[in-house]
There are 2 protein chains.
Amino acid sequence: MEKKEQKIMVAVDQSEESMHALSWCLSNLISDTNKKKLLLLHVKPPPAICSFDTAGYVFSPEVIAAMEKYSMELANSVMDKAEAICRNLNAADITMERVIEMGDAKNVICSTVQKLDADTLVMGSHGYGFFKRTLLGSVSDHCAKHAKCPVIIVKQP
Amino acid sequence: MEKKEQKIMVAVDQSEESMHALSWCLSNLISDTNKKKLLLLHVKPPPAICSFDTAGYVFSPEVIAAMEKYSMELANSVMDKAEAICRNLNAADITMERVIEMGDAKNVICSTVQKLDADTLVMGSHGYGFFKRTLLGSVSDHCAKHAKCPVIIVKQP
């Protein structure tokens with residue numbers, strides 16, 4: 001029986017931990033003989049809440065545009081870093097796709113797993129970027145429970 | 001560089017979900033060319049709390065002996081079932097070890113990971129055996145946070 005291509009989604013952000021999770025994935029899940037596709041997912045926070053508490057506060061269009069630009073640059077730099085890790089680990093021959101979404105990380109990760117029909121989700125154990133301090137650990141907790149595929153939580157050693 | 005033998009620990013109980021987690025592990029983690037050792041871990045509940053709420057109640061030695069016997073038979077039947085799955089998935093040539101411990105599942109799983117120096121922990125997403133109803137999901141949550149290795153949470157499809 002021919003196996004269908006396996007899609008492995010790795011949630012990446014600017015944290016060292018998420019890059020460590022990616023390295024673990026490349027060393028432990030990609031090295032076998034099955035056909036695999038790597039989906040690099042980065043979730044940008046929704047512009048209005050970025051890293052600030054904006055309850056009741058309206059930003060000017062210029063500020064929103066600047067935040068959006070920063071958020072896009074951050075997403076691209078995260079993706080560049082992730083792809084560099086793939087190249088360093090000699091995983092250059094695997095199929096790779098960048099996926100950039102926006103919204104509440106924990107919900108967006110789970111819905112993207114379903115939308116792209118991922119077979120496995122890999123992520124760090126801590127919060128996700130800007131949400132780290134306030135929601136420590138809750139993103140991976142939520143995804144472990146709600147994502148419709150096996151979830152691999154990789155901690156920084 | 002020669003890679004050291006990877007130890008994969010799978011926490012198994014009488015649930016279908018933990019057996020599904022084992023199957024997932026055999027199909028996705030064992031199939032590559034690295035040398036792997038499979039540690040099948042079953043944690044028996046401590047005798048005094050078994051499946052009953054025993055606050056302030058002392059069991060007779062006969063009852064305790066009967067519960068202990070039942071608990072050991074259950075452990076063996078879980079292990080037999082797990083090994084049958086390994087044989088069915090043609091994983092007969094991997095090194096396999098049965099590990100039976102006793103205590104509070106979430107703490108025992110994490111401490112056994114460390115004691116046996118496991119590289120990866122695989123488990124179902126729900127509670128663990130008798131604890132399922134009262135502590136739904138909390139065992140895997142706890143292990144995802146506290147086990148000193150990457151944790152793979154596999155849900156029943």
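About the cut-offs
- Residues numbered from 1 in each chain as written.
- Chains lettered and ligands numbered in written order.
- Predicted model: local features only at pLDDT ≥ 70, side-chain atom pairs only at ≥ 80, totals over all residues.
- Heavy atoms only, no water.
- Helix = DSSP H or I, 4+ residues; strand = E, 2+ residues; numbered from the N terminus.
- Buried < 20%, exposed > 50% of the residue type's maximum accessible area, 1.4 Å probe, protein only.
- Areas by Shrake-Rupley, 256 points an atom, 1.4 Å probe, with all protein chains shown as cover.
- Contact = heavy atoms within 4.5 Å.
- Buried area = accessible area lost by both parts, 1.4 Å probe.
- Salt bridge = Lys/Arg side-chain N within 4 Å of Asp/Glu carboxyl O.
- Polar contact = N/O pair within 3.5 Å; in protein donor to acceptor, adjacent residues only side chain to side chain.
- Nonpolar A, V, L, I, M, F, W, Y, C, P; charged D, E, K, R; others polar.
- Pairing = 2+ DSSP bridges.

You'll find chain A entered in an unreviewed UniProt entry as Universal stress protein A-like protein, with Arachis hypogaea given as the organism.

Draft legend 1. Representation of the overall build of chain A. If you tally the helices and strands in chain A, you get four helices and five strands. Of the regular secondary structure in chain A, the N- to C-terminal order runs β-α-β-α-β-α-β-α-β. Residues classed as buried in chain A amount to 52% of the 157 residues present. Of the roughly 7,800 Å² that chain A leaves accessible, carbon and sulfur atoms contribute 56%.

Draft legend 2. Spatial organisation of the interface of chain B and chain A. Each side of the interface is counted separately: chain B has 22 residues, and chain A has 22 residues. Of the roughly 1,800 Å² buried between chain B and chain A, counting both surfaces, carbon and sulfur atoms make up 47%. Counting across the interface, chain B meets chain A through two salt bridges. When the shortest N-O distance is used, the salt bridge between Asp141 of chain B and Lys145 of chain A registers 2.9 Å. Linking chain B with chain A are 10 residue pairs in polar contact (both at pLDDT 80 or more). For the side of chain B that touches chain A, the secondary-structure elements that each account for two or more residues are helix H1 (16–28), helix H4 (138–146) and strand S5 (151–154) of chain B. For the side of chain B that touches chain A, the per-class residue count stands at 11 nonpolar, six polar and five charged. Pairing analysis gives three bridges linking strand S5 (residues 151–154) of chain A to S5 of chain B, with the strands arranged antiparallel. Bridge pairing in S5 of chain B links Val151 of chain A to Ile153 of chain B.

Draft legend 3. Layout of the pairing of strand S1 (residues 6–11) of chain B. Residue and element names in this part refer to chain B. In terms of burial, S1 is largely enclosed, as five of its six residues are buried. Sheet topology places S1 next to strand S4 (residues 120–124); three bridges connect them, and they run parallel. Its bridge partner lying in S4, Ile8 is registered against Thr120.

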